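Inside the fold
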Amino acid sequence: LSTLTTLPCVGNIPVKHSVKGERSKAVVVARNKNDIMAEAFRTLRTNLNFVMKNSQGKVVMFTSTTSGEGKTFVATNLAMSVAMLGKKVLLVGLDIRRPRLAEMFDFDMNAEGLTSYLAADDNNTSMLDRFILPSGVEENLFVLPAGIVPPNPSELLARPNLDKAIEYLKGKFDYIVLDT
């Protein structure tokens, strides 16, 4: 890895092969669980905290070049790991082409979410509050699902509403994890 970049590597997550229909297995970090996956996410969390120690409003974004590389899996489990420290964490569904967070947490797949705010002409950031849901798996973990898949995802993400949303949410949460 050191031959590919000069950036620090903050963690290595083992490949988790899933079996079709095992949605509940997507969240592998849990209290009092000490397997290799939970330890990998604890290490990632610790290293990120070290790298971000002086940051105000901690925002972490997961992205990659193609689908299927584990962005949602890693984002979800890191968010869970941080929430277990007693930090108030928001997991944001920014993959608005193929959103998965609603399905992972058993939310209504057709409910409004972030896309409703991004598409609104009204820049009232407080409307985001009604889309934020408790995760149901950890008391300090909240989810802002992507919402309804829009016809123009790239244009929505380019609007200034996204920056305003993140600034607003930074005032409400200790950490924001963006699943793109």
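Summary of the structure given here.

What counts and how
Residues numbered from 1 in each chain as written. Predicted model: local features only at pLDDT ≥ 70, side-chain atom pairs only at ≥ 80, totals over all residues. Heavy atoms only, no water. Phe/Tyr/Trp six-rings, centres within 6.5 Å; stacked < 30°, edge-to-face > 60°. Helix = DSSP H or I, 4+ residues; strand = E, 2+ residues; numbered from the N terminus. Buried < 20%, exposed > 50% of the residue type's maximum accessible area, 1.4 Å probe, protein only. Lys NZ or Arg CZ within 6 Å of the ring centre and 35° of its normal. Contact = heavy atoms within 4.5 Å. Pairing = 2+ DSSP bridges.

With that out of the way, let us pick up the packing of aromatic side chains. Following the criterion strictly, the structure yields three aromatic pairs and no others. Measuring from centroid to centroid gives 5.8 Å for Phe-41 and Phe-73, while their planes differ by 70 degrees, and the two rings are edge-to-face. Note that Phe-41 is positioned in helix H1 (residues 36–51) and Phe-73 in helix H2 (residues 71–83), a separation of 32 residues in sequence. The same class applies to Phe-41 as to Phe-73, namely buried. Positioned above the aromatic ring of Phe-142 is the side chain of Lys-88, whose terminal nitrogen or guanidinium carbon lies 5.7 Å from the ring centre. A cation over a ring is seen here: Lys-88 above Phe-173, with NZ or CZ 5.0 Å from the ring centre.

Time to look at the side chain of Thr-115. You can see Thr-115 is positioned in helix H4 (residues 114–119). With a relative accessible area of 4%, Thr-115 lands in the buried category. Residues contacting Thr-115, with those up to four places away along its chain left out, are Ile-96, Ala-146, Gly-147, Ile-148, Pro-150 and Leu-156.

This part takes up the environment of Val-143. Secondary-structure assignment places Val-143 in strand E4 (residues 141–144). Judged by relative accessible area, which is 0%, Val-143 ranks as buried. Through-space distance from the C-alpha of Val-143 to that of Leu-90 is 5.5 Å; in sequence the pair is 53 residues apart. Not counting the four nearest positions on each side in its chain, Val-143 is found in contact with Leu-90, Leu-91, Leu-101, Phe-105, Phe-107, Phe-131, Ile-132, Leu-133 and Ser-135.

Further remarks concern the sheet that holds strand E3 (residues 133–134). In space, the five strands of this open sheet follow the order E1-E5-E2-E4-E3, with mixed pairing throughout. Edge positions in the sheet fall to strand E1 (58–62) and E3, since each of these pairs with one other strand and no more. Here E3 runs beside E4; their pairing, made up of two bridges, is antiparallel. Pairing of Leu-133 across the sheet is with Val-143, part of E4.

Relative to E4, strand E2 (residues 89–93) runs parallel, the two sharing four bridges. From the neighbouring strand, Val-92 faces E4, where its bridge partner is Leu-144. Counting the residues that bridge the hairpin from E3 to E4 gives six residues, and of these Gly-136 lies at a positive phi of roughly 85 degrees.

One non-glycine residue, Asn-32, lies in positive phi territory at about 60 degrees. Within the secondary structure layout, Asn-32 lies in the segment before H1. Look at Asn-32 and you get exposed, because its relative accessible area is 80%. We note that Asp-106 has phi near 60 degrees; this positive angle belongs to a residue other than glycine.

Purely geometric stuff here, so don't read any function into it on its own.
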